[in-house]
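Coordinates in review
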Amino acid sequence: MGNDAFDRLAPFIQEYIYSHGWTELRQVQAEACRVIFDTDAHLLIAAGTASGKTEAAFLPVLTRLYAQPARTIAALYIGPIKALINDQFDRLNDLLKQADIPVWAWHGDVGQAQKQRLLKDPRGILQITPESLESLLINKSNDLMRLFAELQFVVIDEVHAFVGSDRGWQILCQLVRLAKQTGCNPRRIGLSATLGDYGIAETWLQAGTDRTVITPIVQGGQRKLHLALEHFQLRRLGVVRAKGETPTFDPYYQHIFDQTRGRKCLIFANSRPQAESITANLREMAQANHMPDIYHVHHGSIAAPLREAAENAMRGETPAITAATLTFELGIDIGQLERVIQLESPLAVASFLQRLGRTGRRGTPADMRFVCAEPAPTGDELLPEQIPWQLLQCIAILQLYLEEKWVEPARSVQYPFSLLYHQTLSTLAALGELSPVALAQQVLTLPPFRQVSQEDFRQLLRHLLDLDHLQRTETGGLLIGLQGEKIVRNFKFYAIFPDTEDYQVMVGTEAIGSIVTPPPPGSRFALAGRTWEVLDLDTRRKRVLAQPAIGTATVSWHGGGGEIHTRVLQRMRQVLVEQTEYAYLQPGARKRLQAARKLAEQFDLEHNAVIPLEDRKACCVLPWMGTVPFRTLERFVSRFCRETIGLRSVTGTSPYYLMVQLGKAKPHNLYYEIVSAVDRRLTSNDLMGEEEAPKLQKYDEFVPSDLLRKAFAYDYLNLEELRGCLSSWPPIEPSCD
């Protein structure tokens, strides 16, 4: 192979490489070997999907572990989802057949017998989720030295899924807590295919340590892409059937059916109900066409055996079609995938890249088809309702990547008080009684809480004492109180993301998944890609008793959301007002964009941000700004403009438009009031009600109101970004007079 990096790998790895027909190490793998072998730094591997990142991390790591055997767990692999851990577990087992380095998976679907074997003989590599690692820190605190004293490496997969999130900060808390209790100082290796800002990821990866981070620059080849975007106006849903007639199908579903027919495809949906709905409709269409049932669903509410069935089907060589949410967006190896279908627009460029990366492996072009839909017009729609927002967002995301290779940077958070509550109780659960000073030393030195003051923490502790989540001992120490014990001893405590009171769906004695809001008896709902009828509800045991049903669902049971960056909205505006033609647009999408551009020209949307509607007693505001500044604008208009110019109501759809009932004011009055925010001496606190304390995160209900207000003002509103967006608004036009 003639490669210096190859020559330095362990003999069993060299044999593995030869036996699998590799002719050389990829550049990312050679560079990773150089960093691991020649430096003491952390390593960030940022390379495209299917570039060999996992091997880049583990080839040198396993060589180190082989040369310097540890008497405890030597490497920790942290993955965002169980399915990814299961997949990597299989890949590592194959690589390690000839080496005496065991690999263990540890998460909610792993049996106790396997976990006990690891606890009895803790060696090798442990693959784990953040939630299971939290459980270990609490429940095995006395065993941490025996388990991790010689920990050498921590590999964090899909870093972009953690950076900027509470779950990502939770991981950093866990690693620092582990280091404090064991004295270990492992090197960290982050893996990602879709990082927009390496600097942000590097800062996150090194938090709480004194090591630097090296990110090798990897030259990527020009990737071939097959992209297509089609648009439909829905006139009916699903299958339409009259007695004695052949079933007919809406063109939207027919298009998706044709695009996936006889292929191995992933269909990405932005919500679980959408994934369920498309699968149920495609399955019924296949049945009507006397075709085999090759349809699956994959998301977090599906029972583990059904998720595994979908994963196994996608790994096979025969046609299979799975509708999924972000659970299949991450790096699960599903072999050669022919096509990806995206329903509506992804929320971010990063999400688009992850989903695109599911296809185009083994030298074939990446093939991704977007399908947008909106209700057919009735003629009564107001201006903003006539704009195809999802179509524009799709095009904007594609163009930002194709033209600029731009990806969203992670958003920083200064005051994660919900996580502070969580880590405070977790620390006490693990270590037992601590003095307030010792507790502050343990918690406030964790990386996410650098901005939290001692006074903020004292206020939280006093509040938790009042709630009996903490109690004070006779010696002045702190313990978890009776009410806190109820929280901590529930297995849902290990997760920092909000949990829901799911109802388990039972068909006979088989659990097929869970839903959030149980439909009433007689209703039909979709789950696991099939339609079920509710027979009965067991509210005490939180169970839905169901049976298979024919037809499509009559109720939906969950929703989704997320934040959109300002750059995406600004690019959407450009798409609407420019005359560029995009080669990937299909006839329906091209026609719909032309109609939207005519509408934009009619209302001169290039030069107008405040547009009067027909009766001139209302207007719409098209601010073209992301979710955070839009939220800030909405509060500014509601709180200040309502008073100064007498607005009657402010509604809207974030982050696309506001609808304003003007009262006696004129559109130009509203325009001038909004742009005045650029010069007003306001703070984010001025945009909040006196008693307002939004509870947005899992444990916010246990956080003092003053701290919640502070967190919302700093982390969910942004006057500076709003002012920046408003300063680029076009000057007022005569049409606003």
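Looking now at the nonpolar core. Core analysis: the largest hydrophobic core is formed by 72 residues, its most contacted members being Leu76, Leu126 and Phe148. With residues near it in sequence (within four places) discarded, Phe148 still touches Thr72, Ile73, Leu76, Leu126, Leu136, Leu178, Thr182 and Cys184. Listed in part, the 58 residues of the second largest apolar core include Ile564, Tyr582, Tyr584 and Cys620.

For the rest of this paragraph, the subject is the packing of helix H15 (residues 389-404) against helix H21 (residues 587-602). The N-to-C vectors of H15 and H21 enclose an angle of 105°; their axes lie 11 Å apart at closest approach. By the angle between their directions, the pair H15 and H21 is classed as roughly perpendicular. Of the residues in H21, those touching H15 at Leu391, Leu392 and Ile395 are Ala589, Arg592 and Leu593. Of the residues in the contact of H15 with H21, the class split is five nonpolar, no polar and one charged.

The next subject is the state of the cysteines. Counted by the stated rule, this structure contains zero disulfides. No disulfide involves Cys619; its nearest neighbouring cysteine sulfur is the one of Cys620, lying 7.0 Å away. In this structure Cys619 comes out as buried when scored by relative accessible area, which is 0%. Among the cysteines around Cys641, which has no disulfide bond, Cys619 carries the closest sulfur, lying 10 Å off. Residue class for Cys641 comes out buried when judged on its relative accessible area of 0%.

Among the structural elements, Leu392 can be located in helix H15. Relative accessible area serves as the criterion here: at 0%, Leu392 is assigned to the buried category. Separated by 103 residues in sequence, Leu392 and Asn289 have C-alpha atoms that sit 34 Å apart.

The element helix H14 (residues 349-356) is extensively covered by neighbouring structure, given that eight of its eight residues are classed as buried. All of the buried residues along H14 are Val349, Ala350, Ser351, Phe352, Leu353, Gln354, Arg355 and Leu356.

So, on to the pairing of strand E12 (residues 295-298). Inspection of the sheet shows E12 paired to strand E13 (residues 320-324) by four bridges, in the parallel sense. Residue Val297 lies in a different strand from E13, and its bridge partner there is Ala323. What joins E12 to E13 is helix H13 (residues 304-315), and the crossover it makes is right-handed.

Attention now goes to H21. Taking 1.5 Å per residue, 16 residues should reach 22 Å; H21 reaches 23 Å between its end C-alpha atoms and fits that length. All of the buried residues in H21 are Ala589, Arg592, Leu593, Ala596, Arg597, Leu599 and Ala600. Viewed end-on, H21 has its buried residues packed into an arc of 155°, placing them on one side of the element. Facing away from the buried side of H21, by more than 90 degrees, are the exposed residues Pro587, Lys591, Lys598, Glu601 and Gln602. Residues of H21 that are buried sit in contact with strand E8 (225-234), strand E15 (366-375), H15 and helix H20 (566-577).

Turning our attention to the packing of H15 against H20. Helix packing geometry: the angle between the two helix axes and the distance between the axes. Viewed as axis vectors pointing N to C, H15 and H20 meet at an angle of 105°, and their least axial separation amounts to 8 Å. Overall, the two elements H15 and H20 adopt an arrangement that is roughly perpendicular. The residues of H20 that touch H15, namely those facing Trp389, Leu392, Gln393, Ile395, Ala396, Ile397, Gln399, Leu400, Glu403 and Glu404, are Arg567, Val568, Arg571, Met572, Val575 and Leu576.

Further remarks concern the packing of aromatic side chains. Inspection of every chain in the model, using the stated rule, returns 22 aromatic pairs. Geometrically, the ring pair formed by Tyr252 and Tyr253 is edge-to-face, given 5.0 Å between the ring centres and 80° between the ring planes. Each member of the pair, Tyr252 together with Tyr253, is buried. Where Phe352 meets Phe370, the ring centres are 5.9 Å apart and the plane angle is 45°; that geometry is what we call tilted. One end of the pair, Phe352, is in helix H14; the other, Phe370, is in strand E15, and 18 residues separate them in sequence. In terms of burial, Phe352 and Phe370 fall into one category: buried. Grouping aromatic residues by their ring pairs yields a cluster made of Trp389, Trp624, Tyr656 and Tyr657. Directly above the ring of Tyr716 sits Arg411, whose terminal nitrogen or CZ lies 5.9 Å from the centroid. The ring of Trp406 carries the charged tip of Arg567 above its face, separated from the ring centre by 5.1 Å.

So, on to the sheet that holds strand E1 (residues 42-46). With parallel pairing, seven strands are arranged side by side in an open sheet as E3-E4-E2-E5-E6-E1-E7. In this open sheet, the two edge strands, each paired with only one partner strand, are strand E3 (103-106) and strand E7 (213-214). Note that strand E5 (residues 153-156) and strand E6 (residues 187-192) share four bridges and pair parallel. From the neighbouring strand, Val155 faces E6, where its bridge partner is Ile189.

As for its position among the elements, Asn718 is in the loop between helix H24 (705-715) and helix H25 (719-726). Exposure remark for Asn718: the relative accessible area of 28% places this residue in the partly exposed category. With near-sequence residues (within four places) excluded, Asn718 lies in contact with Val628 and Thr632. From its side chain, Asn718 meets the backbone nitrogen of Glu720 in a polar contact 3.2 Å long.

Time to look at the pairing of strand E11 (residues 264-268). A regular strand places its side chains on the two faces of the sheet in alternate fashion. Burial within E11 is extensive, with five of its five residues counted as buried. Of the two faces of E11, the one carrying Lys264, Leu266 and Phe268 and the one carrying Cys265 and Ile267 are both buried. Across five bridges, the pairing between E11 and E13 is parallel. The residue of E13 that forms the bridge with Lys264 is Ala320. Bridge count for E11 against strand E14 (residues 339-343) is four bridges, and the pairing is parallel. The residue of E14 that forms the bridge with Leu266 is Val340.

Reading guide: rules and limits
Once a new chain begins, its residue numbering starts again from 1 and follows that chain's sequence as written. Thresholds applied to this predicted model are a pLDDT of at least 70 for local features of residues and 80 or more for the giving and counting of side-chain atom pairs; totals over whole chains, interfaces and linings are not thresholded and use all residues. Excluding hydrogens and water, the side-chain figures rest on all heavy atoms present in the structure. Working definition of a nonpolar core: buried Ala, Val, Leu, Ile, Met, Phe, Trp, Tyr and Cys residues. They are joined through side-chain atoms within 4.5 Å. Residue exposure (1.4 Å probe, protein chains only): buried if accessible area is under 20% of the type maximum, exposed if over 50%, otherwise partly exposed. Note on definitions: a residue-residue contact is assigned when non-hydrogen atoms from the two residues lie within 4.5 Å. To obtain an axis, a line is fitted to C-alpha atoms, over the contacting stretch when the element is a helix, and the angle between two such axes runs from 0 to 180 degrees between their N-to-C directions. What counts as a helix is a DSSP run of H or I of at least four residues, what counts as a strand is a run of E of at least two, and both are numbered from the N terminus. Throughout, the term roughly parallel applies to angles under 35 degrees, roughly antiparallel to angles over 145, roughly perpendicular to angles from 65 to 115, and oblique to all others. In this classification, Asp, Glu, Lys and Arg are treated as charged, Ala, Val, Leu, Ile, Met, Phe, Trp, Tyr, Cys and Pro as nonpolar, and every other residue, Gly included, as polar. Disulfides are defined as pairs of cysteine sulfur atoms found within 2.5 Å of each other. DSSP bridges decide pairing: two strands pair if at least two such bridges lie between them. A crossover gets the label right-handed when its path from the first strand over the helix to the second runs clockwise, viewed with the strands pointing away from the viewer. Helix span, as expected, comes to 1.5 Å for every residue beyond the first. The directions from the helix axis to the C-beta atoms are what the arc is built from. Aromatic rings from Phe, Tyr and Trp, with only the six-membered ring used for Trp, were paired whenever their centres fell within 6.5 Å, and each pair was classed as stacked if the ring planes differed by under 30 degrees, edge-to-face if by over 60, and tilted otherwise. Over a ring means this: the NZ of a Lys or the CZ of an Arg is within 6 Å of the ring centre and within 35 degrees of the ring normal. Here a polar contact is taken to be a pair of N or O atoms separated by no more than 3.5 Å, where protein atoms must pair a possible hydrogen donor with a possible acceptor and residues adjacent in sequence count only if both atoms sit in side chains.

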